[in-house]
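Here are the chains, one letter per residue:
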Amino acid sequence: MLQHEKYMRRCLELAALGMGNVSPNPMVGAVIVHEDKIIGEGYHRQYGQAHAEVNAVNDVLSRYDNAGELLQNSTMYVSLEPCAHYGKTPPCADLIVKHQIPHVVVGCRDPFEQVDGKGIERLQHAGIDVTTGVLEPDCRWLNRRFFTRVQKKRPYVILKWAQTVDGFFAPADGGQFWITGTESRKLVHKWRGEEDAVLAGKNTVAADNPQLNTRLWPGKSPKRVVIDRRLELSRDLHVFDQSVETLVFNEVKTDIDGKIKYIALEDFERFVPQYILYQLYLQDIQSVIIEGGAHTLHSFIEAGLWDEARIFTGSPVLKEGIKAPYIAGTKQERYTIGGDELQVLYHKPYH
């Protein structure tokens, strides 16, 4: 089993390279081992393109003249159950059967209804020896966004805010006030590139005129989500610059203007976080960072609709103003980012 874990950890390392590029698909890594030597490896690089198993097999085919013989005497390790259905690509289980790979080690089952055990069954029916559950908690954790979307019918929710050392979120007038340093701001831009969407409320957009992009870090910018109940925000603000797809939740209209989608909610008095997350789920958005303001963050906290909270504490002191949200999690991690402290909380342990 220790040997299995060694190669599964390599699968997880490879899978993580797909972060930010494969959603709403999961991140998957695959390794092919012959006589305790890796002869091929691959990962899912881009949504709609070849899966990890395909890339691993192709890696073997491109490197060895006797690839067919090697594959028939090898073990494939894959962090998530091979797919068994036709989607953007053919079933990976069929590819494994075709190349007569005799042993497959799977990190965890795929909860997606069209897979969920069917890939493993197809391999077993073909006479392939299948081992499951190797480093399963780690494999599930890596794809916690995917599992959340499939099982809870909503995106994985990350709350993010900065607070002063004396616990304030912003000045009393809600005006712009920088709390964190350059290193923390760069880290936030890196995070944005890893998620599908970033969300902000009307007051934050009006006060800060944020771009909500990744200009301080290489990578794609996420979709932008804005809550503007009565459509009071100026169209001159950065969020309306048509640079990326932007969803505006409101109670006035449902319409499309270039890359801006206006989505009217049924009820803006109750269940607003629930309505928003369900609409994001329908848009194939697998994860969202909620960056403010205080009222918006409070609404998701009170609804219990969050999975992670990433809280920066900077050195400034305000003495008065808008209090930072209160939140309690089951697990805490602490890091020093430049001159700031970063605390990461999880809503509940992820299994």
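Criteria and cut-off values
Residues numbered from 1 in each chain as written. Predicted model: local features only at pLDDT ≥ 70, side-chain atom pairs only at ≥ 80, totals over all residues. Heavy atoms only, no water. Phe/Tyr/Trp six-rings, centres within 6.5 Å; stacked < 30°, edge-to-face > 60°. Buried < 20%, exposed > 50% of the residue type's maximum accessible area, 1.4 Å probe, protein only. Lys NZ or Arg CZ within 6 Å of the ring centre and 35° of its normal. Pairing = 2+ DSSP bridges. Helix = DSSP H or I, 4+ residues; strand = E, 2+ residues; numbered from the N terminus. Axes fitted to C-alpha atoms, helices over the stretch in contact; angles between N-to-C directions. Contact = heavy atoms within 4.5 Å. Salt bridge = Lys/Arg side-chain N within 4 Å of Asp/Glu carboxyl O.

Visitor: I would appreciate a short explanation of the packing of aromatic side chains in the present structure.
Guide: Aromatic rings considered in pairs are described by the distance between their centres and by the relative angle of their planes. The tally for this structure, following the rule as stated, stands at five aromatic pairs. Aromatic pair Phe146 and Phe147: ring centres 6.1 Å apart, planes at 85°, arrangement edge-to-face. The same class applies to Phe146 and to Phe147, which are both buried. Sitting above the plane of the Phe168 ring, Lys323 keeps its charged end 4.8 Å from the centroid.

Visitor: How do you make sense of the sheet that holds strand β14 (residues 308-313) when you look at a structure like this?
Guide: Strand pairing in a sheet relies on backbone hydrogen bonds. The paired strands run either parallel or antiparallel. Strand order across the open sheet formed by ten strands is β11-β12-β10-β9-β8-β13-β6-β14-β17-β16, with mixed pairing between neighbours. In this open sheet, the two edge strands, each paired with only one partner strand, are β11 (255-257) and β16 (331-337). The mean angle between the axes of side-by-side strands here comes to 20°, regardless of whether they run parallel or antiparallel. Here four bridges tie strand β9 (residues 223-227) to strand β10 (residues 246-250), and the two strands are oriented parallel to one another. Of the residues in β10, the one forming a bridge with Val225 is Leu247. Against the sheet, helix α11 (residues 294-302) engages β6 (156-163), β8 (197-201), β9 and β13 (287-290), with an angle of about 135° to β6.

Visitor: Is there a simple way to explain the pattern of salt bridges in this structure?
Guide: When their charged atoms lie close together, side chains carrying opposite charge are able to pair. According to the stated counting rule, one finds 22 salt bridges in the structure shown. One salt bridge connects Arg145 with Glu195, and the closest N-O pair in it is separated by 2.8 Å. With Arg145 in helix α7 (residues 144-152) and Glu195 in the loop between α8 (182-194) and β8, the pair connects residues that are 50 residues apart, well separated along the chain. Taking relative accessible area as the criterion, Arg145 reaches 6% and is therefore assigned buried. The closest approach of N and O atoms between Glu291 and Lys160, which form a salt bridge, is 3.6 Å. Residue Glu291 is located in the loop between β13 and α11, and its partner Lys160 is located in strand β6; the two are separated by 131 residues in the primary sequence. Assessed through its relative accessible area of 13%, Lys160 is described here as buried.

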